[in-house]
Amino acid sequence: MGEEKKKEKKSKKKEKKTEEVAEEAPASGGEEETKAEPKRAQRATSNVFALFNQSQIQEFKEAFTMMDQNRDGIICEEDLKGIYGSLGRDPDPKTLKAMVDEAPGPLNFTMFLTLFGEKTKGTDPESTLRDAFTMFDSAGTGKLHEEYVKDLLMNVGDQFSKDELKQTWKEAPIEGGELDYLKFVQIIKRGKEED
């Protein structure tokens with residue numbers, strides 16, 4: 001009897017995979033597909049749900065549901081057009097496309113939360129932070145001299161106070177007087193990893 005259950009499970013898994021492949025396959029029958037293939041979801045490196053408390057997540061879920069006009073679980077340009085229309089506005093299609101293209105994959109609820117997490121938590125995406133440090137690393141070593149970075153933080157742009165700098169340096173990966181900015185960016189975005 002146990003062997004029959006295993007075979008039944010394998011058969012169900014195979015059927016499910018076949019259905020998924022059939023859904024992903026382009027339509028046949030001589031007609032050319034006019035829609036571009038949808039973007040695939042990318043896996044987030046951290047749990048986005050940990051960024052918000054339950055009431056915030058519920059509010060985001062309500063907003064997401066309101067925006068998802070066609071109720072397919074993904075916000076697309078048509079959904080956004082419908083939201084704009086309900087506000088009495090007629091948006092430019094380029095604007096709608098740019099909004100949807102902010103997401104690296106389909107704009108499902110998890111991606112929606114990820115985008116809001118990046119915007120509300122006050123930091124740019126990891127690649128943007130890394131690129132900012134790279135601008136000052138002419139040798140391409142992945143490291144910058146500690147004193148050089150301190151000078152930049154205290155004298156250029158949004159200047160750090162001594163207390164802010166002290167707090168920042170508590171978490172900074174510094175060895176031999178050099179800041180490993182690649183590790184530092186990971187700490188900023190993902191937190192310090194326990195050894």
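Residues numbered from 1 in each chain as written. Predicted model: local features only at pLDDT ≥ 70, side-chain atom pairs only at ≥ 80, totals over all residues. Heavy atoms only, no water.

An unreviewed UniProt entry lists the protein chain under the name EF-hand domain-containing protein, with Capitella teleta given as the organism.

Side note on the sheet that holds strand S2 (residues 174-175)
How we decide: Pairing between two strands is assigned when DSSP locates at least 2 bridges connecting them. Segments assigned H or I by DSSP are reported as helices when at least four residues long, segments assigned E as strands when at least two residues long, and all are numbered from the N terminus. Contact definition: two residues touch when any of their heavy atoms are within 4.5 Å. The axes are straight lines fitted to the C-alpha atoms, using for helices just the contacting stretch, and the angles between their N-to-C directions are given from 0 to 180°.
A sheet is described by the order of its strands in space; here 3 strands give the open sequence S1-S3-S2, paired in antiparallel fashion. Sheet topology places strand S1 (143-145) and S2 at the edges, where each strand pairs with a single neighbour. Pairing between S1 and strand S3 (residues 178-180): 3 bridges, direction antiparallel. Its bridge partner being in S3, Lys143 is matched across the sheet by Asp180. Running over the sheet, helix H7 (residues 146-155) touches S1, S2 and S3 and is turned about 75° from S1.

Thoughts on the packing of aromatic side chains
Applied cut-off: The aromatic pairing rule takes the rings of Phe, Tyr and Trp, using the six-membered ring of Trp, and pairs them if the centres are within 6.5 Å, calling planes under 30 degrees apart stacked, those over 60 edge-to-face and the rest tilted. Any residue under 20% of the maximum accessible area for its type is buried, any over 50% is exposed, and the rest in between are partly exposed; the area is computed with a 1.4 Å probe on protein chains only.
Tallied over the full model, the rule gives 7 aromatic pairs. Ring geometry for Phe64 versus Phe109: centroids 5.6 Å apart, planes at 70°, classification edge-to-face. You can see Phe64 sitting in helix H2 (residues 54-67) and its partner Phe109 sitting in helix H5 (residues 109-120), a full 45 residues away along the chain. Like Phe109, Phe64 is buried. Ring geometry for Phe136 and Tyr148: centres 6.3 Å apart, planes at 70°, overall edge-to-face. Of this pair, Phe136 sits in the loop between helix H6 (126-134) and S1 while Tyr148 sits in helix H7, and the two are 12 residues apart along the sequence. The exposure class assigned to Tyr148 is partly exposed, which follows from its relative accessible area of 37%.

What about the environment of Glu126?
Looking at the secondary structure, you find Glu126 in helix H6. A relative accessible area of 18% places Glu126 in the buried class. Sequence separation between Glu126 and Ile188 is 62 residues; the distance between their C-alpha atoms is 8.4 Å.

Remarks on the UniProt feature "domain: EF-hand" (unreviewed entry) in the protein chain
Note the threshold: UniProt positions are given in the numbering used here, feature names are shortened, and annotations may be inferred rather than shown by experiment.
The residues that UniProt annotates with the feature "domain: EF-hand" (unreviewed entry) are residues 55-90 and 124-159. End C-alpha to end C-alpha, residues 55-90 measures 32 Å, and it is 64% helix and 0% strand.

Concerning the nonpolar core
Applicable threshold: To form a nonpolar core, buried Ala, Val, Leu, Ile, Met, Phe, Trp, Tyr and Cys residues must be joined to one another through side-chain atoms within 4.5 Å.
In terms of nonpolar packing, the biggest core is built from 17 residues, with Phe60, Ile75, Leu107, Phe109, Phe112 and Leu113 touching the most fellow members. Looking at this core, the elements with two or more residues in it are H2, helix H3 (77-86), helix H4 (93-101) and H5. Per-element tally for this core: the top contributor is H5, with 5 residues. If we ignore the near neighbours within four places in the chain, the residues touching Ile75 are Phe64, Met67, Asp68, Leu80, Val100, Leu107 and Phe112. Membership of the second largest hydrophobic core comes to 11 residues, among which are Phe133, Val149, Ala172 and Leu179.

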